[in-house]
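# Examining the three-dimensional arrangement
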Amino acid sequence: MSNEIPEAYADLLTGPVYVQLASHMADGSIQVHPVWCGYDGTHVLVNSAKGRIKDRNMRANPNVTVLAVDPENPYRWMEVRGKVAGISEAGADEHIDRLSEQYIQQSPYPWREDGEVRVMYRIEPERVVVFSA
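Presented here is an overview of the structure given in this document. Residue numbers here run from 1 along each chain, matching the order of that chain's written sequence. Note on the predicted model: pLDDT of at least 70 is required for a residue's local features to be given, and 80 or more for side-chain atom pairs to be given and counted; whole-chain, interface and lining totals, by contrast, use all residues. Values shown for side chains rest on all heavy atoms present in the structure; no hydrogens or waters enter the calculation.

## What about the environment of valine 119?
Strands here are runs of E lasting at least two residues and helices are runs of H or I lasting at least four, both read from the DSSP assignment and numbered beginning at the N terminus. Relative to the helices and strands, valine 119 is located in strand β7 (residues 118-132). To sort residues, take the accessible area from a 1.4 Å probe on protein chains only and compare it with the maximum for the residue type: under 20% means buried, over 50% means exposed, and anything in between is partly exposed. Since its relative accessible area comes to 0%, valine 119 is described here as buried. Counting along the chain gives 43 residues from valine 119 to arginine 76, while the straight-line C-alpha distance between them is 30 Å.

Below you can see the structure in the form of structure tokens.
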């Protein structure tokens, strides 16, 4: 176990791999949601719209977990437990457009809603567990 993303597993964060993001609901239960993600060499980067449940959860409790499973080998996976170290609207539109290009080969992101404000979250790894068989 470490708090750094091993280079041999970084491909699980640079996709396109649909990762599972777990966050804490206000009542203490866990919400798990599939998300697109990126990686800046240190932080896991996810994107959402301001006001959504994920957004509210991560603002209220920054403790999250990201699970990335290799789509070619389900016995190769990485769990990243960490804290949301940054929440920013700056650059979030460009980030979702890059993720959209990466995951569905469309840019700009095609599912924007009127008035939607995109937000990018930087997740600082605190515990990283990897497995491969």
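## Topic: the packing of aromatic side chains
Side-chain rings of Phe, Tyr and Trp, where Trp is taken by its six-membered ring, are said to pair if the distance between their centres is within 6.5 Å; with planes under 30 degrees apart they count as stacked, over 60 as edge-to-face, and otherwise as tilted. Within this structure, the stated rule accounts for six aromatic pairs. Ring centres of tryptophan 36 and tyrosine 109 lie 6.0 Å apart, and the angle between their planes is 90°; this geometry places the pair in the edge-to-face category. Placement of tryptophan 36 in the loop between β2 (30-35) and β3 (37-39) and of tyrosine 109 in the loop between α3 (92-104) and β7 is noted, with a sequence separation of 73 residues between them. Side by side, tryptophan 36 and tyrosine 109 carry an identical accessibility label, which is buried. Ring centres of tryptophan 36 and tryptophan 111 lie 6.4 Å apart, and the angle between their planes is 45°; on these two criteria the pair is classed as tilted. You can see tryptophan 36 sitting in the loop between β2 and β3 and its partner tryptophan 111 sitting in the loop between α3 and β7, a full 75 residues away along the chain. According to the relative accessible area criterion, tryptophan 36 is buried, its value standing at 12%.

## What about the sheet that holds strand β4 (residues 44-49)?
We treat two strands as partners when DSSP finds at least two bridges between them. Strand order in the open sheet formed by seven strands is β2-β1-β5-β6-β7-β4-β3, and the pairing between neighbours is antiparallel. In the strand order of this sheet, the two ends are held by β2 and β3, each with one partner. The sheet shows a mean angle of 30° between the axes of neighbouring strands, taken without regard to direction. Pairing of strand β6 (residues 76-88) with β7 involves 12 bridges; the strand directions are antiparallel. When the sheet's bridge partners are listed, arginine 76 is paired in β7 with serine 132. The axes used here are C-alpha line fits, helices contributing only the stretch in contact, and every angle between their N-to-C directions lies in the interval 0 to 180 degrees.

## Here's the deal with the pattern of salt bridges
For salt bridges, the criterion is a side-chain nitrogen of Lys or Arg within 4 Å of an Asp or Glu carboxyl oxygen. What the rule picks out here adds up to nine salt bridges. One salt bridge connects aspartate 70 with arginine 76, and the closest N-O pair in it is separated by 2.8 Å. Overlapping salt bridges bring together Asp11, Asp70 and Arg76 as one network.

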